[in-house]
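Descriptive analysis of the structure
What follows is each chain in one-letter form.
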Protein chains: 2
Amino acid sequence: MAPADPLPVTTPGGTRRERQREATFAEIVATAQALLTEGAELSLRAVAARMGMTAPALYRYVGSYQELVDLVAYEIDRQAAATFAAAADALDPEDAPGRLIAAVTEFRMWALAHPRHFQLVFANPVAESFCTRRELLTLATSGLLMTDLIHDVHRQRPFPIPALDELPPLVRDVVLDPLIPANVDHIPAEERGLVWIYMQGWNQLYGVVALEVMGHMDPRVIESGEMYLDVIRRFAPILGLDDDEGTLPRLLDLARRRIDADPSAIADGSPSHLR
Amino acid sequence: MAPADPLPVTTPGGTRRERQREATFAEIVATAQALLTEGAELSLRAVAARMGMTAPALYRYVGSYQELVDLVAYEIDRQAAATFAAAADALDPEDAPGRLIAAVTEFRMWALAHPRHFQLVFANPVAESFCTRRELLTLATSGLLMTDLIHDVHRQRPFPIPALDELPPLVRDVVLDPLIPANVDHIPAEERGLVWIYMQGWNQLYGVVALEVMGHMDPRVIESGEMYLDVIRRFAPILGLDDDEGTLPRLLDLARRRIDADPSAIADGSPSHLR
DNA sequence: CAGTTAAGTGAACAGCGTTTACAGTAAACG
DNA sequence: CGTTTACTGTAAACGCTGTTCACTTAACTG
C-alpha cells in the first residue's frame, strides 16, 4: 500500500504504470460508448474484443458489467450536457431566457435523436450504484447546467420565488441542504426557493421528453413538438417570461425553429431502438 | 384452415383443443407475471420450468421473448388499472374530483410499490410491437380510465376547455382522431379539447411518478410525496377545482392520507429493484 | 382406420456475465 | 545487480440466456 493520492477524478501524472492504467480505463469507457452509439448491444465481451482483449481482463478495471454501464452513462451525460451548454452559448450572454430555452430544447432534441442514450442516463433506476470513483453519478451534470441557467434568468430579470416559510417544511429542508448533488452553494438561502422551481420545471420537462422518447404519445404530437412547446408555454409565467414585450413568443419561436431544424429525429413515428 | 372465429380476445368456446391451447397460453402469461412479481428475472426457461415444460415449447405460443414481455406488460396494466378504478369506486359516485384524485394517487402508490412493473408498462420503448393478438397494447388501459375520470369531472362541474380552433392545428387533428387508442368516441367534437387537457395532465403526472420511481429525486421529496402533491396543486385550477368551497384542500388531504397510509413504499430511500 | 396436424422434447448454437487458476512482465526493494 | 512483489492479461470453464432444428408422441380429421 503506497501513500496513494486521494483518487483525483482525472489522473494526469503518477507513476508510469498508473498513467497506462488510466489510459486503458479511458479506452474501455470510450469503446463502450462507441459501441453503444453504433447501435450495438453493450457487452463486456464486445468491448474487450474491439480492444483486442478478452472479457475477463476488463474485470481489472471495472467491478462488474453494471459498473461499466454506469460509467458510460455518466460519460454520455457529461458530453450531452456540453452540447446543451453550447446551444446556450450560441446566444447572446445577456439573453438569459433565450439561453435557457435553447439549452432545454437542445436537451429534447438530443433525447429524441438518441433514445438509447437518454434511457441510459435518465430512465435508469438509480440505486445501489455506489460507484467506485465518481460517486456522484446519481444525478446528471445536465441538472447542474439547468439550475445555473434558471438562476441566470432570475438574476437578469427577477421574478417572484417562494419564500422559505411558504414552502412545505420538508421541501425547505431539501432546498437548503439537497442530497442530490446540485451545486446550489452559490445560491443564497433567501433565494433557495429557486431550487424548488427548478425541480418543478425539470419534472415537467422530463415528463414530456420521456413520453416522447418512449413513444407513449401520438406520433404527430411528438414530431411537431406541440406538447413540448405547451410545457414551455405553461411554465414560462412562473419564470416571469410572460411579459408585454413579446418575450414568450420569441422564445417559442426560438424553440420551434430548433425543432423544425432537424426533422430527422423521428421520421416514421416509431422511435424504435436504433440510433 | 377452419372457418376460424375472428379472434376474440378471450376465447371461451371452440374445439376442445383450442380451449386447451388458450388455457396453457393464459397459464404462460400468468406464470411469467408471478415470476416477475416475486422479483425473479423473467426468462423463457424459468417460465417453462415452473410449468413443467421446456423452453422451446413456449415458442408454440409466443413468437419471441419480447412478445411474452409485452403480453405480461399488457396484463399487468390491465390489473393495475382495475386497482385504480377500485380506488375511485371507493368514493361517492357523485364525487367526480375525489374519484379522479383517488385513482391518480393510487397510480402513484402502485408505481412506487412496484417499480419493475411500472417500468415494464410505462417506461418501455414501445415500438415494433405489432403484437399478434391485442394489437392495442401500445397504450395503457390505465389511460382510458383517466380519460373517463376527467370527463366525469367536467360533466359534473364544467370547467373551461380550449375550443378546437384555439388549439394548434395539428393538436386539433390529434384530439379529433387520435392514433393512440383512447376511447374518446363518446366525447362530442366540441368537447375534444378535454383530450388535450388530459394529455397535459398525464404528462405532468408521468413526470413526477417516473422520476420518483427511478429515484432521480431527493428521497425525502419522494417519501413525503411533496412533489406529487405540488403537481396536483398546480394542475387543479385547470380542472376548475380551485373553487371557494375548499375542494382543493379536501382533495389534497385525500391524497396525503393515501400517501401516509403506506409508508412501506420506499423505506430507506433506495427504490432498488426488489418488490 | 389412415393421414394430417399440433404439442412437446432433447440436443445444439451462439452469446452473455463471471470466476478461477495460471503465465508473463513491469515495478520496487535489498 | 538479482530477487521479490504486484499487476495485467489469458484460457478454460460454469451457469445462464434466447433461439433453431430434427424428432417423437399424441390428438384430431376425413
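Each chain carries its own residue numbering, running from 1 in the direction its sequence is written. Lettering for chains starts from A, numbering for ligands starts from 1, and both go in the order in which the items are written. For a predicted model such as this one, the threshold for reporting local features is a pLDDT of at least 70, and the threshold for listing and counting side-chain atom pairs is 80 or more; totals across whole chains, interfaces and linings nevertheless cover every residue.

Check the secondary structure of chain A and you find twelve helices and zero strands. Counted from the first residue to the last, chain A has its helices and strands arranged as α-α-α-α-α-α-α-α-α-α-α-α. Think of it as a crowd count around each C-beta: if 20 or more other C-beta atoms lie within 10 Å the residue is buried, if 12 or fewer it is exposed, and in between it is partly exposed, with C-beta placed from the backbone throughout. Every one of the 275 residues in chain A was classed for burial, and the buried ones make up 37%. The contacts of chain A with a sequence gap of at least 6 include a subset with a gap of at least 24, amounting to 65%. The helix count covers DSSP runs of H or I at least four residues long, the strand count covers runs of E at least two residues long, and both are numbered beginning at the N terminus. The contact criterion used is a C-beta to C-beta distance within 7 Å, with each C-beta placed from the backbone.

Let us look at the relation of the copies chain B and chain A. Note on the identical chains: chain B maps onto chain A by a rotation of 180° and an axial translation of 0.0 Å, with an RMSD of 0.0 Å. Taken together, the turn and the small shift mark the pair as related by a two-fold rotation axis. Minimal C-alpha separation from the rotation axis in chain B is found for Gly207 of chain B, amounting to 1.8 Å. A high fraction, 100%, of the interface residues of chain B reappear at the interface in chain A, so the copies pair face to face through one surface. Least-squares superposition of the copies uses the C-alpha atoms of those residues scoring a pLDDT of at least 70 in each of them.

So, about the interface of chain B and chain A. Listed as interface residues are 40 residues of chain B and, on the opposing side, 40 residues of chain A. Per element, the largest residue contribution to the side of chain B that touches chain A is ten residues, and it comes from helix α9 (residues 193–214) of chain B. Here the nonpolar group is Ala, Val, Leu, Ile, Met, Phe, Trp, Tyr, Cys and Pro; Asp, Glu, Lys and Arg are the charged ones; every other residue, Gly included, is treated as polar. Residues of the side of chain B that touches chain A, tallied by class, amount to 23 nonpolar, eleven polar and six charged.

Attention shifts here to the protein's contact with DNA strand C. The environment of DNA strand C is made up of 19 residues, and the closest members are Ser43, Arg45, Pro56 and Tyr65 of chain A together with Pro56 of chain B. For the surface near DNA strand C, the secondary-structure elements that each account for two or more residues are α1 (16–37), α2 (44–50) and α3 (55–58) of chain A together with α1 (16–37) and α3 (55–58) of chain B. Residues belonging to the surface near DNA strand C are distributed by class as follows: nine nonpolar, five polar and five charged. All residues are tested the same way: a C-beta atom is placed from the backbone, and lying within 6 Å of a molecule or strand makes the residue near it.

Further remarks concern the nonpolar core. Counting residues in hydrophobic clusters, the biggest one holds 136 residues, and the most contacted among them are Ala103 and Ala210 of chain A together with Ala103 and Ala210 of chain B. In contact with Ala210 of chain B, not counting residues within four places along its chain, are Tyr206 and Ala210 of chain A together with Ala123 of chain B. Nonpolar cores are identified as sets of buried Ala, Val, Leu, Ile, Met, Phe, Trp, Tyr and Cys residues joined via C-beta atoms within 7 Å.

Tracing the sequence through the fold places Ala96 of chain A in helix α5 (residues 96–113). It is 4.9 Å that separates the C-alpha atoms of Ala96 of chain A and Val153 of chain A, two residues lying 57 residues apart in sequence.

Time to look at the protein's contact with DNA strand D. Around DNA strand D, 19 residues are found, and the nearest of them are Thr54 of chain A together with Ser43, Pro56, Ser64 and Tyr65 of chain B. For the surface near DNA strand D, the secondary-structure elements that each account for two or more residues are α1 and α3 of chain A together with α1, α2 (44–50) and α3 of chain B. At three residues, the largest contribution of residues to the surface near DNA strand D is made by α2 of chain B. A class-by-class count of the residues in the surface near DNA strand D yields nine nonpolar, five polar and five charged.

This part covers the packing of helix α7 (residues 141–156) of chain B against α9 of chain B. Residue and element names in this part refer to chain B. Interaxial angle, 0 to 180 degrees, is taken between N-to-C directions of lines fitted to C-alpha atoms, where a helix line uses only the stretch in contact. Viewed as axis vectors pointing N to C, α7 and α9 meet at an angle of 120°, and their least axial separation amounts to 10 Å. On the basis of their axis angle, the class for α7 and α9 is oblique. By crossing handedness, the relation of α7 to α9 is classed as right-handed. Taken together, the residues of α9 that come into contact with α7 (itself represented by Gly143, Met146, Thr147, Ile150, His151 and His154) are Leu194, Ile197, Tyr198, Gly201 and Trp202. Each angle gets one of four labels, with under 35 degrees taken as roughly parallel, over 145 as roughly antiparallel, 65 to 115 as roughly perpendicular, and the rest as oblique. Take the far helix as the reference: if the near one is turned anticlockwise from it by less than a right angle, the crossing is left-handed, and if turned clockwise, right-handed.

Attention now moves to the packing of helix α5 (residues 96–113) of chain B against α9 of chain B. All names here are of chain B. Interaxial distance between α5 and α9 falls to 9 Å at its minimum, and their mutual angle equals 25°. Considering the angle they form, α5 stands roughly parallel to α9. Where α5 crosses over α9, the handedness of that crossing is right-handed. Each of Val104, Arg108, Ala111 and Leu112 in α5 lies in contact with α9, whose residues at this interface are Leu205, Val209, Glu212 and Val213. When grouped by side-chain class, the residues that make up the contact of α5 with α9 number six nonpolar, no polar and two charged.

Of all the positions in helix α8 (residues 169–176) of chain B, only Val171, Val174 and Val175 of chain B are classed as buried. Looking straight down α8 of chain B, one finds that the buried residues subtend no more than 90° of arc, so they occupy a single side. Contacts made by the buried residues of α8 of chain B are with α10 (219–224) and α11 (226–235) of chain A together with α9 of chain B. In this description, the arc belongs to the directions extending from the helix axis to the C-beta atoms.

Residues and elements named next belong to chain A. In the predicted model, chain A carries a mean pLDDT of 87, and the fraction of residues at 70 or more is 85%. In this model, residues 1–11 is a region of pLDDT below 50 whose contacts with residues beyond four sequence positions or in other chains number five contacts. As a per-residue measure, pLDDT tells how confident the predictor is, with possible values from 0 to 100. The low-confidence segment residues 267–275 (pLDDT under 50) makes 19 contacts with residues lying over four places distant or belonging to another chain.

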